[in-house]
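# Close look at the chain arrangement
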Amino acid sequence: YGGEVHALLAQRARAHGRDPKPELEKALADYQQGLTINAGMWHLHSGAGQVLLDLARESWDGGHDPEPLLRRALAEREQAVASAPEQGLAHHNLGDTLLQRARWELARGADPEASARAALASFQRAASLSPELAAPWSGLGATHALLAQREMDRRRDPRPALAQAEEALARAAKQGPRDA
């Protein structure tokens, strides 16, 4: 639980205008220590992936390339899925990391198609394993919205992707209005 505590302290530091990186690095160290004890605990891989994703965001916000940290975050999230292939939340978390990669690709002017399609697959798997959760449906909606933006940037019709986004977000609202 040390990783979770330090991740929360990092959020607090960020909210108060302080550098969150020291707490994020402590969180990552705690998750990595836990993984040395039990490498098969999917939630430790997922937590480490989240911390690495947060560090990648800090890197991006600081004008640096987030890709090395993002690759490590994806590796942790993929390991979480490998450790617990029937855990819907592990697939959702992988989808969330892939969606963030797609957002950065779009912001850089790169094609987000491959990352977005992989995110959709992860969110769809999460929704099939945990249909009661709103989060996978929200992730599907956000990914379809990103693809709609890409279509608009290319001067193509975004309506099919927007319709899919609306459908997924309506399902998310139905599943858990507070979580959608």
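Structure: see above.
First, a word on scope: everything that follows refers to the structure included in this document. Residue numbering note: each chain is counted from 1, following its sequence as written. A pLDDT threshold of at least 70 governs which residues receive local features in this predicted model, and a stricter bar of 80 or more applies before side-chain atom pairs are shown or counted, although totals over entire chains, interfaces and linings include all residues. No hydrogens and no water enter the side-chain calculation; it runs on all heavy atoms of the structure.

### Comments concerning the packing of aromatic side chains
Pairing of aromatic side chains requires ring centres within 6.5 Å, counting the rings of Phe and Tyr and the six-membered ring of Trp. Pairs whose planes differ by under 30 degrees are stacked, by over 60 edge-to-face, and all others tilted. Evaluated as defined, the whole model comprises 1 aromatic pair. Measuring from ring centre to ring centre gives 5.9 Å for Trp60 and Trp104, while their planes differ by 35°; the resulting arrangement is tilted. Taken together, the residues span a long stretch of sequence, with Trp60 in helix α3 (residues 42-61) and Trp104 in helix α5 (residues 88-108) at a distance of 44 residues. You can call Trp104 buried: its relative accessible area is 4%. Runs of H or I in DSSP of at least four residues are treated as helices and runs of E of at least two as strands, each being numbered from the N terminus. Here's how the labels work: a residue is buried when its accessible area is under 20% of the maximum for its type, exposed when over 50%, partly exposed in between, all with a 1.4 Å probe on protein chains only.

### Here we look at the packing of helix α6 (residues 113-129) against helix α7 (residues 135-153)
Two elements in contact, α6 and α7, have axes separated by 8 Å at closest approach and are oriented at 160°. Looking at the two axes, α6 sits roughly antiparallel to α7. With respect to the hand of their crossing, α6 and α7 are arranged in left-handed fashion. Only Pro136, Trp137, Gly139, Leu140, Thr143, His144, Leu146, Leu147 and Arg150 of α7 make contact with α6, whose side of the interface consists of Glu113, Ala116, Arg117, Ala119, Leu120, Phe123, Gln124, Ala126 and Ala127. Put simply, Ala, Val, Leu, Ile, Met, Phe, Trp, Tyr, Cys and Pro go in the nonpolar bin, Asp, Glu, Lys and Arg in the charged bin, and everything else, Gly too, in the polar bin. Grouping the amino acids of the contact of α6 with α7 by side-chain chemistry returns 11 nonpolar, 4 polar and 3 charged. For every element, the axis is a line fit to its C-alpha atoms; helices are fit only across the contacting stretch, and the angle between N-to-C directions ranges from 0 to 180 degrees. Small angles under 35 degrees read as roughly parallel and large ones over 145 as roughly antiparallel, with 65 to 115 read as roughly perpendicular and the rest as oblique. Here is the rule for handedness: rotate from the far helix to the near one, and if that takes an anticlockwise turn smaller than a right angle the crossing is left-handed, while a clockwise turn gives right-handed. Two residues form a contact once any of their heavy atoms are found within 4.5 Å.

### A look at the pattern of salt bridges
By convention in these notes, a salt bridge is any Lys or Arg side-chain nitrogen within 4 Å of a carboxyl oxygen on Asp or Glu. Inspection of the entire model under this criterion finds 13 salt bridges. Arg117 serves as the salt-bridge partner of Glu113, at 2.7 Å between the closest nitrogen and oxygen. Of the two residues, Glu113 and Arg117 both sit in helix α6, 4 residues apart, roughly one turn of that helix. A salt bridge links Glu113 to Arg150, with the shortest nitrogen-to-oxygen separation between them at 2.4 Å. Here Glu113, found in helix α6, pairs with Arg150, found in helix α7; they are 37 residues apart in sequence, far enough to count as distant. When its relative accessible area of 21% is taken as the criterion, Glu113 is described as partly exposed.

### Re the side chain of His6
Inspection of the secondary structure puts His6 in helix α1 (residues 2-15). The class of His6 is buried, set by a relative accessible area of 18%. Setting aside residues up to four positions removed in sequence, His6 forms contacts with Glu23, Lys26, Ala27 and Asp30.

### Considerations on the packing of α5 against α7
Interhelical geometry of α5 versus α7 gives an angle of 20° and a closest axis separation of 10 Å. For the element pair α5 / α7, the angle class is roughly parallel. The handedness of the crossing between α5 and α7 is left-handed. Contacts between α5 and α7 involve His92, Leu99, Ala102, Arg103 and Leu106 from the former and Ala135, Pro136, Gly139, Ala142, Thr143, Leu146, Gln149, Arg150 and Asp153 from the latter.

### Side note on the environment of Asp111
One can find Asp111 in the loop between α5 and α6. With residues near it in sequence (within four places) discarded, Asp111 still touches Glu105, Arg150 and Arg154. Polar contact is the term for a pair of N or O atoms within 3.5 Å; when the atoms are in protein, one must be able to donate a hydrogen and the other to accept it, and sequence-neighboring residues count only if both atoms are side-chain atoms. Within the local environment of Asp111, its side chain forms a polar contact with the side chain of Arg150, the two groups lying 3.4 Å apart. At a separation of 3.3 Å, a polar atom in the side chain of Asp111 contacts the side chain of Arg154.

That's the geometry; what it means functionally is another story.
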